[in-house]
Amino acid sequence: MGNESQQSCRPAAAPAAAVAAQARFPRIVAAAQFVAPLLFLLLLWELVVRAFGVSPRIFPDVEAVARAGWETIQDGTLVRHIGASLGRVAVGTVLAIAISIPLGVAMGLSPVVSSFLTPLFRFFSVLAGIAWIPIATLWFGYGFGAITFVIFNAVFFVVAYNTLLGVARIPMPLRQAAAALGAGGWSMLTQVILPGALPNIVTGVRTGLGFAWRGLIAAEMIATNVGLGYMLFLARDFYRTEVIVFGMIVIGILWLLIDRLLLAPLERATIERWGLVDRA
Amino acid sequence: MKSLTLRNVSKTYFDPYAGAHVTAVSDASLAVGQGEFVSIVGPSGCGKTTILNMIAGFIPVSSGEILLNDQPVKGPGPERGVVFQSFALFPWKTVLENVGFGPKMRGLPKAECDKIAREYLALAGLADAAERYPNELSGGMQQRVGVVRALANNPEVLLMDEPFASVDAQTRMTLQEELTRIWQERRPTIIFITHDVSEAVFLADRVIVLSKGRVLKELAVPLPRPRVWDRLIEDSAFKALSGQVLQLVRSA
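None of the values given here were measured: they were computed from a predicted structure. (Residues numbered from 1 in each chain as written. Chains lettered and ligands numbered in written order. Predicted model: local features only at pLDDT ≥ 70, side-chain atom pairs only at ≥ 80, totals over all residues. Heavy atoms only, no water.)

Counting its secondary structure elements, chain B contains nine helices and 10 strands. Its C-alpha atoms give chain B a radius of gyration of 18 Å, within 12% of the compact-globule value 18 Å for 252 residues. Taken over the C-alpha atoms alone, chain B extends approximately 50 × 45 × 40 Å along its principal axes. At a minimum sequence separation of 6, the contacts of chain B that also span at least 24 residues come to 68%. Surface exposure of chain B reaches about 10,900 Å², of which carbon and sulfur atoms provide 50%. (Helix = DSSP H or I, 4+ residues; strand = E, 2+ residues; numbered from the N terminus. Rg over C-alpha atoms; globule rule 2.2 N^0.38 Å. Contact = heavy atoms within 4.5 Å. Areas by Shrake-Rupley, 256 points an atom, 1.4 Å probe, with all protein chains shown as cover.)

Bringing helix α1 (residues 48-56) of chain B into the picture now. Residues and elements named next belong to chain B. α1 sits mainly inside the fold: eight of its nine residues count as buried. Turning to α1, its buried residues are Lys 48, Thr 50, Ile 51, Leu 52, Asn 53, Met 54, Ile 55 and Ala 56. Positive phi appears at Gly 57, one or two residues downstream of α1, with a value of about 90°. (Buried < 20%, exposed > 50% of the residue type's maximum accessible area, 1.4 Å probe, protein only.)

Residues and elements named next belong to chain A. On average, residues of chain A score 85 in pLDDT, and 90% of them reach the 70 mark or higher. Per-element confidence in chain A is highest for helix α9 (residues 172-180), whose mean pLDDT is 95, and lowest for helix α1 (residues 2-9), whose mean pLDDT is 39. Segment residues 1-14 is flagged for pLDDT under 50; beyond a separation of four residues in sequence, or across chains, it makes 15 contacts in the model. (pLDDT = per-residue confidence, 0-100.)

Bringing a nonpolar patch on the surface into the picture now. Residues and elements named next belong to chain A. Residues Phe 34, Val 35, Leu 38, Leu 39, Leu 42 and Leu 256 make up a contiguous nonpolar surface patch of about 480 Å² in total accessible area. Considering every element that reaches the nonpolar patch, the biggest residue donor is helix α3 (residues 26-52), with five residues. Residue class for Phe 34 comes out partly exposed when judged on its relative accessible area of 30%. (Patch = residues over 30% accessible without salt bridge, like charges linked within 9 Å, V, L, I, M, F, W, Y side chains within 5 Å. Salt bridge = Lys/Arg side-chain N within 4 Å of Asp/Glu carboxyl O.)

All names here are of chain A. Checked against the element boundaries, Gly 208 lands in helix α10 (residues 185-223). Along the sequence, Gly 208 and Ala 96 sit 112 residues apart, while their C-alpha atoms lie 9.7 Å from each other. When sequence neighbours within four positions are dropped, the list of residues in contact with Gly 208 reads Ala 154, Val 155 and Val 158.

Looking now at the packing of aromatic side chains. Residue and element names in this part refer to chain A. Scanning the model with the defined rule gives 19 aromatic pairs over all chains in all. Both rings, one in Trp 45 and one in Phe 59, keep their centres 5.7 Å apart while their planes meet at 85°; by these two values the pair is edge-to-face. Here Phe 59 lies in the loop between α3 and α4 (62-74) and Trp 45 lies in helix α3, a separation of 14 residues in the sequence. Using a relative accessible area of 35% as the deciding quantity, one classes Phe 59 as partly exposed. (Phe/Tyr/Trp six-rings, centres within 6.5 Å; stacked < 30°, edge-to-face > 60°.)

Taken as a whole and assessed by the stated rule, the structure comprises 19 salt bridges over all chains. Across the pair Glu 71 of chain A and Arg 240 of chain A runs a salt bridge, and its minimum N-O distance is 3.5 Å. Here the residue Glu 71 of chain A occupies a position in helix α4, and Arg 240 of chain A occupies one in the loop between α11 (228-237) and α12 (241-272), the gap between them amounting to 169 residues. On the basis of relative accessibility, which here comes to 30%, the residue Arg 240 of chain A falls in the partly exposed class. For the salt bridge of Arg 225 of chain B with Asp 205 of chain B, the shortest nitrogen-to-oxygen distance reads 2.9 Å. With Arg 225 of chain B in the loop between β10 (214-220) and α8 (229-232) and Asp 205 of chain B in the loop between α7 (197-203) and β9 (206-211), this residue pair connects regions lying 20 residues apart in the sequence.

What follows covers the interface of chain B and chain A. Taken residue by residue, the interface counts 24 residues in chain B and 19 residues in chain A. Of the roughly 1,900 Å² buried between chain B and chain A, counting both surfaces, carbon and sulfur atoms make up 68%. If you sort the residues of chain B by the area they bury against chain A, Trp 92, Met 105 and Tyr 133 of chain B come out on top, with a joint share of 32%. Here chain B and chain A share four residue pairs in polar contact (both at pLDDT 80 or more) between them. Every element with two or more residues in the side of chain B that touches chain A is listed here: β6 (80-83), α3 (101-105) and α5 (139-151) of chain B. With four residues, the single largest contributor to the side of chain B that touches chain A is α3 of chain B. For the side of chain B that touches chain A, the residue count by class is 14 nonpolar, five polar and five charged. (Buried area = accessible area lost by both parts, 1.4 Å probe. Polar contact = N/O pair within 3.5 Å; in protein donor to acceptor, adjacent residues only side chain to side chain. Nonpolar A, V, L, I, M, F, W, Y, C, P; charged D, E, K, R; others polar.)

Strand pairing in a sheet relies on backbone hydrogen bonds. The paired strands run either parallel or antiparallel. All names here are of chain B. Overall, mixed pairing links the six strands, which are arranged β6-β7-β8-β3-β9-β10 in an open sheet. Of all strands in the sheet, those bounded by a partner on one side alone are β6 and β10. The average angle at which neighbouring strand axes cross in this sheet is 20°, direction not considered. (Pairing = 2+ DSSP bridges. Axes fitted to C-alpha atoms, helices over the stretch in contact; angles between N-to-C directions.)

Okay, here's the thing in structure tokens:
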């Protein structure tokens, strides 16, 4: 283990033993390389807090945060907040994907429409996220509607724009080849257009979910009374710094889990296997 | 028996860079018999790819008509197989799925598609590559897949657009020999577009020289088959014909 954590800092000078270990246990080594820097950060945190005698108000020690975390787990508040946050992300994202992919495909198929809409979508892709919170609360009031709308926007424009881009970028000979082999409209869509645009769609979903996650936390601080963002905000009112830090850690870990367990495997199973990753 | 006929076919399109109408193909007439192997050769910009795209149905003719077995060509269709210079294999499908795509589009059950695909893969010596993805194959192997994918649909005409232009010289010679072998076994009608004079002569029964959108000359190639490079490269009749075509192309 010691060897492997060192290796993650200096991959260029990887000792032979570590290389052999990597070949034999690729998953364990990869996990170790991922976890080691986080453990290092934890250690550094504890050392700094102790060495300088930092006030718990400013920054609590590791144990206090762990205790606060255990409390929120035991009394069920953590589960409630996580459930609310993930529920909003799921609903907003699924809705956005369900609408933006067909729309992006339809637009990408027409060069005139896609060149007209590309600048608009690029504009809204950048704008998407927390910039929508004020207007969302005016339209939907405080709560589920406003927050889901913010997430929907964050995902919708990025995915629609990337889908449009992906469809427009499919090499013409691929479509011609399919047509010459007898593919009609539906087959063309399912066999050529959608898989051809998939690398861009996956990139769009990954980017959009990243925006959505950030937007979610911000929106929950303003526009609701349950959720991880609200948990942080509430803890601040009671000067519970350890709860704030614990919440931040949960937010980061949840995102890493979503990205690593949901999005990265999808990318590996499809576009990397097909050798399309350079197009993404 | 006439398989494919082009009657006074022209193609003009608007070139936004030149700001004017450009004539890519002008009054081309052509008849290709069933099972015949025809090469169309000419310098770049002579309109050879435009002709092929019109026969494939990818672009409409401006005037004249293209007939396949007396039926006018309207849009792409499975009776005209196309092999592309860029291979145009579906990266998200395995080699087997690529070759079985045409049969699948005809509505055949999966087992039947796989059977046909394996048969054609064996024909090109690709039986072992069936489960691989195109990006895992060399350029030469990818184009072998491209050729048998078009053949697996059993087309009446096989249209080939500079299919071997992007592979290395040695592989190209092998592919040319394999193509003549497969053609002799299956006898599809082939229209082969190239700018390579010796390739045109090596492969075809007849070479059509194109210049500035017009048919400049047609030459019969009475060389015996099977054709192999080891023999033809020093063959005086091959050299004489190639020289003649080269002169026509260069004067074009």
